[in-house]
Amino acid sequence: MDVRYWRCVMKRSGQCPDEDIKFFLYTPKSRYRKEIDIRSNVPLRYSGWNPEKKNVIIIHGFNGTESKVPMTYIRDAYIRRGDYNVFTVDWEGIGRFPCYLSSISNTRLVAQCSAQFYSYLTHNGATSEDTICVGHSLGAHICGMMSNHLSHKMYKIIGLDPARPLVDRYGGRSFRLTRDDAHVVQVIHTNAGLLGELPQVGHIDFCVNGGRMQPSCANVGKRIRQARCSHFMSACYLADTTGESGKQFRGVPCTKSCKRIPGLEGISVPMGEHTPDTARGTYCVSISHIHSCPFD
């Protein structure tokens, strides 16, 4: 047995930058990612950053990494659009399986360092209105916690099935994603009540196929694997609304428990990249088909 498998790392310092938290830039013009060092005196544009484009910061969750599915689906969708500078946050070394407890603790430092990176972007000329933080699972809560370290709110956060285990019981408002963390907070629920938070978290919440279990995950194995598959589908749904095709998955008004409201079917709001910033409430979305979304 590899003893390193059980060696969990709990960060106790509050110093940023941190060697276990890395930031990468992807652009359509380069096949390779560029690691960004915020201590460098070289202007960010020399790394390939285009100040004329919008910015997205993508943050993975527990037992994830920026370079594997499903986060790469989101990354590649934004790259293919061509109008975004795509940044990813990697904290794989301090958020790996089976170390969930230490990973939850480490999200505080990841949020602090990510907020420092966000400030670095704005110092280089990025604007809040043109910058989105997209986080999956614990990564969604990291996007929210970044607000604890900023003097001005971020403009927009998209939370993909924000993590529920232990966070729902022990995580206060300063620890978890809430609508107070940005001017616009959108949340996509695909495994609510199990691995994901229950609605309503943001200004606008989308319950996909009831928000709990996704139809395409019904035959992947036991219930926990079905839950994991459904949890990751939130990333694939967002990617499908973001890419070149820009699919329009539209939701209709529903209750906070994801029950459709009769008589309001004529009112619909697109989910994901095309959601109006002024939209509010909880919406139910039905999606019968999507491309393969591996989650292992």
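Just so you know, these numbers come straight off a predicted model, no measurement behind them.

Calculation notes
- Residues numbered from 1 in each chain as written.
- Predicted model: local features only at pLDDT ≥ 70, side-chain atom pairs only at ≥ 80, totals over all residues.
- Heavy atoms only, no water.
- Pairing = 2+ DSSP bridges.
- Helix = DSSP H or I, 4+ residues; strand = E, 2+ residues; numbered from the N terminus.
- Disulfide = S-S within 2.5 Å.
- Buried < 20%, exposed > 50% of the residue type's maximum accessible area, 1.4 Å probe, protein only.
- Polar contact = N/O pair within 3.5 Å; in protein donor to acceptor, adjacent residues only side chain to side chain.
- Contact = heavy atoms within 4.5 Å.
- Right-handed = clockwise from strand over helix to strand, strands pointing away.
- Core = buried A, V, L, I, M, F, W, Y, C linked by side-chain atoms within 4.5 Å.
- Phe/Tyr/Trp six-rings, centres within 6.5 Å; stacked < 30°, edge-to-face > 60°.
- Lys NZ or Arg CZ within 6 Å of the ring centre and 35° of its normal.

(A) The sheet that holds strand S7 (residues 182-189), seen in detail. Pairing in this open sheet of eleven strands is mixed, and the strands run S2-S1-S4-S3-S5-S6-S7-S8-S11-S9-S10 from one edge to the other. Each edge of the open sheet carries a strand with a single partner, namely strand S2 (34-35) and strand S10 (269-270). Two elements, strand S1 (residues 22-26) and S2, share two bridges in a ladder whose sense is antiparallel. Paired with leucine 25 across the two strands is lysine 34, which belongs to S2.

(B) View of the state of the cysteines. The final tally for this structure, using the stated rule, is five disulfides. There is a disulfide in this structure between cysteine 8 and cysteine 99, and the S-S distance comes to 2.1 Å. For the disulfide bridge between cysteine 8 and cysteine 99, the dihedral angle about the S-S bond is near -80°, and by the sign convention the bridge is left-handed. One end of the pair, cysteine 8, is in the segment before S1; the other, cysteine 99, is in the loop between strand S4 (84-90) and helix H2 (100-123), and 91 residues separate them in sequence. Residue classification places cysteine 8 among the partly exposed residues on the basis of a relative accessible area of 40%. On the accessibility criterion, cysteine 99 (4% relative accessible area) is buried.

(C) Fine view of the side chain of asparagine 191. Checked against the element boundaries, asparagine 191 lands in the loop between S7 and strand S8 (204-208). At 3.0 Å, the side chain of asparagine 191 forms a polar contact with the backbone nitrogen of leucine 195. Those residues in contact with asparagine 191, other than ones at most four positions away along the chain, are Asp161, Gly196, Gly211, Arg212, Met213, Ala227, Ser230 and His231.

(D) The arrangement of the pairing of S4 in detail. S4 sits mainly inside the fold: seven of its seven residues count as buried. As judged from the five bridges shared by S1 and S4, these two strands associate in the antiparallel manner. Among the inter-strand pairings, leucine 25 is bridged to a residue of S4, identified as phenylalanine 87. Bridge count for strand S3 (residues 54-59) against S4 is six bridges, and the pairing is parallel. Paired with isoleucine 58 across the bridge in S4 is threonine 88. Since S3 and S4 lie parallel, the crossover through helix H1 (residues 71-81) that links them has a hand, and here it is right-handed.

(E) Quick look at the nonpolar core. Counting 44 residues, the largest nonpolar core has Ile59, Phe87 and Phe117 as its most contacted members. When residues of this core are traced back to their parent elements, those giving at least two are S1, S3, S4, H2, helix H3 (138-145), strand S6 (154-160) and S7.

(F) Spatial organisation of the environment of proline 270. As for its position among the elements, proline 270 is in strand S10. For the pair proline 270 and arginine 250, spaced 20 residues apart in the sequence, the C-alpha separation amounts to 4.1 Å. Residues within four places of proline 270 in sequence aside, it is in contact with Phe206, Gln248, Phe249, Arg250, Thr275 and Pro276.

(G) How the structure looks around the packing of aromatic side chains. Under the definition given, this model contains eight aromatic pairs. Between tyrosine 78 and tyrosine 84, the ring centres sit 4.8 Å apart and the planes meet at 75°, which makes this aromatic pair edge-to-face. Comparing tyrosine 78 with tyrosine 84, the two get one shared label, buried. Both rings, one in phenylalanine 206 and one in tyrosine 283, keep their centres 6.0 Å apart while their planes meet at 35°; by these two values the pair is tilted. One end of the pair, phenylalanine 206, is in strand S8; the other, tyrosine 283, is in strand S11 (residues 281-285), and 77 residues separate them in sequence. We note that phenylalanine 206, like tyrosine 283, is buried. Here the aromatic residues Phe23, Phe87, Phe117 and Tyr120 are joined through ring pairs into a cluster of three or more. Here the guanidinium or amino end of arginine 33 rests over the ring plane of phenylalanine 24, the centre of that ring lying 3.9 Å away. The lysine or arginine in question, arginine 75, covers the ring of tyrosine 26, its NZ or CZ lying 4.6 Å from the ring centre.

(H) Broad picture of the environment of leucine 109. Along the chain, the position of leucine 109 falls in helix H2. Distance in space between the C-alpha atoms of leucine 109 and glycine 221 is 35 Å, their sequence separation being 112 residues. Once residues within four sequence positions are removed from consideration, leucine 109 is found in contact with Lys11, Ser13, Gly14, Gln15, Cys16, Asp18 and Ile21.

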